[in-house]
Structure formats: structure tokens, C-alpha cells
Amino acid sequence: GAVVSQHPSRVICKSGTSVKIECRSLDFQATTMFWYRQFPKKSLMLMATSNEGSKATYEQGVEKDKFLINHASLTLSTLTVTSAHPEDSSFYICSARLAGKSNEQFFGPGTRLTVL
Amino acid sequence: KQEVTQIPAALSVPEGENLVLNCSFTDSAIYNLQWFRQDPGKGLTSLLLIQSSQREQTSGRLNASLDKSSGRSTLYIAASQPGDSATYLCAINAGGTSYGKLTFGQGTILTVHP
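Residues numbered from 1 in each chain as written. Chains lettered and ligands numbered in written order. Predicted model: local features only at pLDDT ≥ 70, side-chain atom pairs only at ≥ 80, totals over all residues. Heavy atoms only, no water.

Asks: Tell me about the environment of Val 13 of chain B, and name the residues and values.
Replies: Residues and elements named next belong to chain B. The residue Val 13 is located in strand E2 (residues 10–14) in this model. Val 13 sits in the buried class, given a relative accessible area of 4%. With 66 residues separating them in the primary sequence, Val 13 and Ala 79 have C-alpha atoms 11 Å apart. Once you skip the residues sitting within four places of it in the chain, Val 13 turns out to touch Leu 19, Ser 80, Leu 110, Thr 111, Val 112 and His 113. (Helix = DSSP H or I, 4+ residues; strand = E, 2+ residues; numbered from the N terminus. Buried < 20%, exposed > 50% of the residue type's maximum accessible area, 1.4 Å probe, protein only. Contact = heavy atoms within 4.5 Å.)

Rendered as C-alpha cells:
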């Protein structure tokens, strides 16, 4: 199946710093990628839809200035958590949509963010 | 707004048992439904995808069914093994203007003990 990678897998940062997370589709082109966050023992909540070459679409309640998304190529989307705070600590997972083949979504392995 | 519910929240079975995981959704106007597996601290692995026009999909020991009219899907696991232990999530793709956005259930934590 299609492979999606994320980098880094884990990051620990100080409060107030910014963290960038990369999501790559390794063996296919993805015009659309999605960013989710998952709190412990909870399900995934969609944060935003990332479209190549255009601005991301954010879900209600998600601050676009805090969670900056860039989808500069068909294989790479980045999520930058700006001025991170402890409440931003979470598991962030991206997915990429394989267009034309059942439009199935394939997920990355996730990034564990811990803000001290 | 689509709501997805999974029952049971947790399930513990001995190895070899056949089992059924349930997923219900409130809005039957769906594009497709996916079942995923998530191991602790890991991402999601897609297990099965059922288009809205289909009634079931099979992959190995897994069989997923879809009944749109009643807003239900089931994931059947045959001859369970300890390696099947994980959290199982179902997700609805509503299509239309929400195309591609997945709404997830809260998951069923499955433990298969030897």
C-alpha cells in the first residue's frame, strides 16, 4: 500500500518555541493531505485540510495562526505549531489521500509533541 | 453533524475466537467508510474501505459490512490472534463539500490473550 512518513516521530520543546512537523507521501502524489491530533485515549480530531498550492482549510475552533500549514509540493505538507504551550502537547497524525483509487486515505506514523 | 459510535469500547477475548466490532453513524449520506487499526503510540493502518454502494469487503481474516440505511458497519475478525490486539477505529467519509474529511469513532480496544 501507499506509504506516508512523518518527521520527527517525537519532539520535546520549551514553551514559546515553534515546532515544524513534516508529512511526506513516499510513493504517490497527494494533492490533499489532512492533519489530525489525538489526545491520550481519545479518537482523532481533524484539524485542517491541506491542499497543494493553496491555503489550508481549518476546522472550526482550530487557530490558523497557531497551526501553520504549508503544502508546497505534491508529496510534502508541513505543520508548524507556533509559540507552543503545554496544552499543545498531543499526538499529531497526517494522512494523504490517494486520488483515483477509492480515494483511500493513508496515515503517517504520527508525531508525539511534548511542550514543557 | 455526523456522529460515529463504536461498541464495545473494549473487548478481551481468548485466542481463536471469532469476534465482531460495531460502528454506528447518524447520517447515512456517506461516501465511504474505512476501518483502521492503531497500535499504541503509532499511526493508523488502513484495514478495509467500503464504498457507499458496497455492502461488504473482505481481506484475509477480516470482513467488514455496511448497512447504510440503518447506519451500521461491522468488522468481523475470524480466528483472532494475540497479534490482533490493537485499537480499531471506524471512520466515515461524508463526501460532498466535506469530501475527504474523516469523522472517527472513539475506537474499540481489542485484547486477544493466548
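Read on, since the account is not over.
Asks: So what about the pairing of strand E11 (residues 108–113) of chain B? Which residues, and what values?
Replies: Residues and elements named next belong to chain B. Burial along E11 is one-sided: the face carrying Thr 108, Leu 110 and Val 112 is buried and the face carrying Ile 109, Thr 111 and His 113 is not. Taken together, the 5 bridges between E2 and E11 define a ladder with parallel strand orientation. Residue pairing for E11: Ala 10 is matched across the bridge by Ile 109. As defined by bridge partners, strand E9 (residues 86–95) adjoins E11 across 3 bridges and the pair is classed as antiparallel. Residue pairing across strands places Thr 87 opposite Ile 109, the latter belonging to E11. (Pairing = 2+ DSSP bridges.)

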